[in-house]
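Fold and contact review
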Amino acid sequence: VHTTRSDGTGSREAVARAAARAGVAVVVLTDHGDGRRAADPPVYLDGVLVIDGVEISTWSGHYVAVGAAPA
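Description of the structure in this document. (Residues numbered from 1 in each chain as written. Predicted model: local features only at pLDDT ≥ 70, side-chain atom pairs only at ≥ 80, totals over all residues. Heavy atoms only, no water.)

What follows covers the environment of P41. As for its placement among the helices and strands, P41 is situated in the loop between β2 (32-33) and β3 (43-45). On the basis of relative accessible area, P41 is assigned to the exposed category, the value being 61%. The sequence separation of P41 and G53 amounts to 12 residues, and the corresponding C-alpha distance is 9.9 Å. (Helix = DSSP H or I, 4+ residues; strand = E, 2+ residues; numbered from the N terminus. Buried < 20%, exposed > 50% of the residue type's maximum accessible area, 1.4 Å probe, protein only.)

Here we take up the sheet that holds strand β4 (residues 48-52). Taking strand neighbours across the sheet as the criterion, the three strands line up as β1-β4-β3 in an open arrangement whose pairing is mixed. Across the chains shown, the open sheet's two edge strands, defined by having one partner strand only, are β1 (26-29) and β3. This sheet shows a mean twist of 35 degrees between the axes of neighbouring strands, independent of strand direction. The pairing of β1 with β4 spans four bridges and is classified as parallel. Counterpart to V26 in the pairing with β4 is L49. (Pairing = 2+ DSSP bridges. Axes fitted to C-alpha atoms, helices over the stretch in contact; angles between N-to-C directions.)

Another point: the environment of D40. Mapped onto the secondary structure, D40 falls in the loop between β2 and β3. Taking C-alpha positions, D40 is 7.8 Å from I51, a pair spaced 11 residues apart along the chain. One polar contact links D40 to R5, side chain to side chain, over a distance of 2.9 Å. (Polar contact = N/O pair within 3.5 Å; in protein donor to acceptor, adjacent residues only side chain to side chain.)

Moving on to the sheet that holds strand β6 (residues 61-65). Spatial strand order, β2-β5-β6: three strands in an open sheet with mixed pairing. Looking at which strands have only one partner, the edges of the open sheet turn out to be β2 and β6. The pairing of strand β5 (residues 54-58) with β6 spans five bridges and is classified as antiparallel. Note on β6: the bridge partner recorded for V54 is A65.

Now for the layout of surface pockets. Taken as a whole, the largest pocket spans an internal volume of roughly 230 Å³. Lining the largest pocket are 19 residues, with G35, R36, R37, G53 and V54 positioned closest to its centre. Elements represented by at least two residues in the lining of the largest pocket include exactly β2 and β5. Each residue belonging to the lining of the largest pocket can be placed in one class, and the counts come to eight nonpolar, five polar and six charged. (1 Å grid on protein atoms, 1.4 Å probe; cavity = no way out; pocket = protein on both sides within 12 Å on 5 of 7 lines; lining within 4 Å. Points joined across faces, edges and corners; volume = space filled by probe spheres on them. Nonpolar A, V, L, I, M, F, W, Y, C, P; charged D, E, K, R; others polar.)

Right, here's the structure in full:
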C-alpha cells in the first residue's frame, strides 16, 4: 500500500484505520523510494500491524524490499 509519503492518498494511520474496518490484520507500506531511508519499526495502529517497506523502481520493474538495510 502506498501512503502520502509517496503517491498514496492516506497517511499510515488512515491506511491502518481502513484496514481495521476491512478486517485486515497486517499492512505492508510500500511507498516509492530508493532504499536509502531507514524503515520505521513495525507498529500496531488501530489493532493492525503496520510494516514499513519500500517499492524500488528499476528498468526491469518494481521490487518490494522489507527489512533491508539502507544503502
